[in-house]
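# Fold and contact review
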Amino acid sequence: MSTTAGNGQVILKLDGVHTFYGTIEALKGITLEVHEGEVVTLIGANGAGKSTTLRSINGLNTPREGSIVFQGKNITRRPPHEIVQMGISQSPEGRRLFPHMTVLENLEMGAFQRKDRSGIREDLDRVYGLFPRLAERKGQRGGTLSGGEQQMCAIGRALMARPKLLMLDEPSMGLAPIFVEKIFEIIGEINSQGTTILLVEQNALMALDAAQRGYVLETGKVALTDDAKRLRENEQVRKTYLGEE
Amino acid sequence: MALIGLTTGAVYALVALGYTLVYGILQLINFAHGDVFALSGLFATTMIGGAVFGLTDTSTTLGVVGGLTATFVIAAVFGAAVNSSIEFVAYRRLRSAPRLAVLITAVGMSFIVQNISLAIYDVNARSIPPLISGHTVFNISGVVYTWDAFFVVLVTAPVLVLLTWLVKSTRQGKAMRATSQDPEAAAIMGINVNRTISFTFALAGALAGIGATLYLVEFNIRYDTGFTLGLIAFTAAVLGGIGNLTGAVLGAILIGMIQAFNEGLSWNAPGTAWTKSIVFGILIAILVFRPEGLLGERTPEGA
Ligand SMILES: Nc1ncnc2c1ncn2[C@@H]1O[C@H](COP(=O)(O)OP(=O)(O)OP(=O)(O)O)[C@@H](O)[C@H]1O
Ligand SMILES: [Mg+2]
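Below, the structure is looked at part by part. (Residues numbered from 1 in each chain as written. Chains lettered and ligands numbered in written order. Predicted model: local features only at pLDDT ≥ 70, side-chain atom pairs only at ≥ 80, totals over all residues. Heavy atoms only, no water.)

## Side note on the environment of isoleucine 155 of chain A
Residue and element names in this part refer to chain A. Tracing the backbone through its elements, the reader meets isoleucine 155 in helix 6 (residues 147–159). The spatial distance from the C-alpha of isoleucine 155 to the C-alpha of proline 92 is 8.8 Å, given a sequence separation of 63 residues. Isoleucine 155 has contacts with Ser91, Phe131, Leu168, Pro171 and Ile183, leaving out every residue within four places of it along the chain. (Helix = DSSP H or I, 4+ residues; strand = E, 2+ residues; numbered from the N terminus. Contact = heavy atoms within 4.5 Å.)

Below is the structure:
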């Protein structure tokens, strides 16, 4: 299949995953893999099935067919809370902060399954280091944050789980261009600190710059997969997703 | 009079909290809750008066204290078991069903639980012997406040403190708050949402069990007692702002007071016959003019 920019072994593998919403087949046999240490991006038009892929992995939408294996364990039909425990966390589409909890409480919820108090403290400092704005707003309720602040809080909350695999669903959504740059910088930083990242993005240009490999989804199927650099050069991708002629 | 209102209000509060806890987590009005209250109360009568503890008004103080304490615990466990079973059997499969289907199921569960009470405990009202003295604690210008009434407040207060601590400060409480705000987000934080919902129903049921045992100290219970009492407690929960714990207690005490003043002031009040009309008049008025209740927040849905 594709070349591997990531150095490690396969950490996540989806094999022929079909996922439905009622009778609507949103994923029509998705096969993909993520290697340890990589940043892999899923790009594609609206409704292509990017978010549904993440929701199949995290257990919110159990696939009807196919399998999902994480670190050698089949997690296809495991409930979300067990999947978190195995080391997958995420910043979901729409951010989904707890609106009546403060920034600090939201961040603490990210560490719900952890017992190591000192480790949690460390990670809290790390998140505040990455997003100083969150430290300034730690007593403010999630629901009253600006869109960009909510995005930071959602990413920070996902980091608080100290995941092996971090899934980000459109982290640049609703952010001013300067913040978009900043977010991608932070994604690179998190990755260099050892976290594997599966990144869903509308902003294909930035995503392909940040990732080593990419998958292009089209109506529930993988249309194309390659090295991020080569996808960036691909005629088809440039026309459709990068808005270039 | 205000103190008598406080006593009635205390029982309403325990039941109202059950409505509000469940509503908070599932946006579901558990119409069977009042009937869980009645069934737990009936069960408690068999514990106290019947074969188990065999308490009578001549039992020793130690026997009464021990027997009552045990009854509170058993009634709480019983209420918890019944209520979480209802969730497991009926509501769990309807999580993503239309609101109307859930509503009808809840009304159906109410009839089912009521009929179970009727089948086991027939149509007769059950009571317990007067274990707590009806003697006066104090008497202010003809208004007497008795020990049995005081006892109700004495038990309710620590239960409310414990509940507040549980919801505010424990891991389980955090899971409940997160689930009530966004169940999917809670799930991807690693919270076991099904277990959290079961726990919430159990907690609500336990409060109903304790409330029912307290109710028995002053009144008797029949298979259908839960219907009216449940509606009154539900009104209290709506008055305070459904989903809001402090609101439920506040609403319950207010309704207890309204009832006490209405029934107790012989000179100018409409009297007992009108209490229900007044309470449900309040319910309708809140639903029309302030659906979010006293302490609730306005939501796009209006409740
Ligand atoms: N809850 C739902 N019920 C029914 N259909 C749904 C639901 N959620 C998503 N879908 C459908 O599944 C398909 C894939 O949706 P998905 O959200 O995965 O797309 P996406 O690639 O994330 O799109 P976007 O870029 O707009 O976020 C779409 O056709 C969508 O309409
Ligand atoms: Mg999406």
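Next comes the rest of the write-up.
## Topic: the pairing of strand 2 (residues 24–35) of chain A
Residue and element names in this part refer to chain A. When strand 1 (residues 10–21) meets strand 2, the two strands line up antiparallel, connected through nine bridges. For leucine 14, the partnering residue across the bridge sits in strand 2 and is leucine 32. The turn linking strand 1 back onto strand 2 is made up of two residues, and glycine 22 within it adopts a positive phi angle of 60 degrees. (Pairing = 2+ DSSP bridges.)

## Let's talk about the coordination of the magnesium ion (ligand 2)
Residues and elements named next belong to chain A. Donor atoms from the polypeptide that bind the magnesium ion (ligand 2) are Ser51 (OG) and Glu93 (OE), placed at 1.9 to 2.3 Å. Residue serine 51 is found in helix 1 (residues 50–57), and its partner glutamate 93 is found in the loop between strand 6 (88–91) and helix 3 (103–110); the two are separated by 42 residues along the sequence. For serine 51, a relative accessible area of 14% puts it in the buried group. The exposure class of glutamate 93 is partly exposed, given its relative accessible area of 44%. (Donors = N, O, S within 2.8 Å, 3.2 Å for Na, K, Ca; no water. Buried < 20%, exposed > 50% of the residue type's maximum accessible area, 1.4 Å probe, protein only.)

## Side note on the pattern of salt bridges
Residue and element names in this part refer to chain A. One pass over the full model with this rule turns up 21 salt bridges over all chains. When the shortest N-O distance is used, the salt bridge between arginine 213 and glutamate 38 registers 2.6 Å. One end of the pair, arginine 213, is in strand 9 (residues 213–218); the other, glutamate 38, is in the loop between strand 2 and strand 3 (39–44), and 175 residues separate them in sequence. Taking relative accessible area as the criterion, arginine 213 reaches 1% and is therefore assigned buried. Residue glutamate 38 is classed as buried on the basis of its relative accessible area of 0%. (Salt bridge = Lys/Arg side-chain N within 4 Å of Asp/Glu carboxyl O.)

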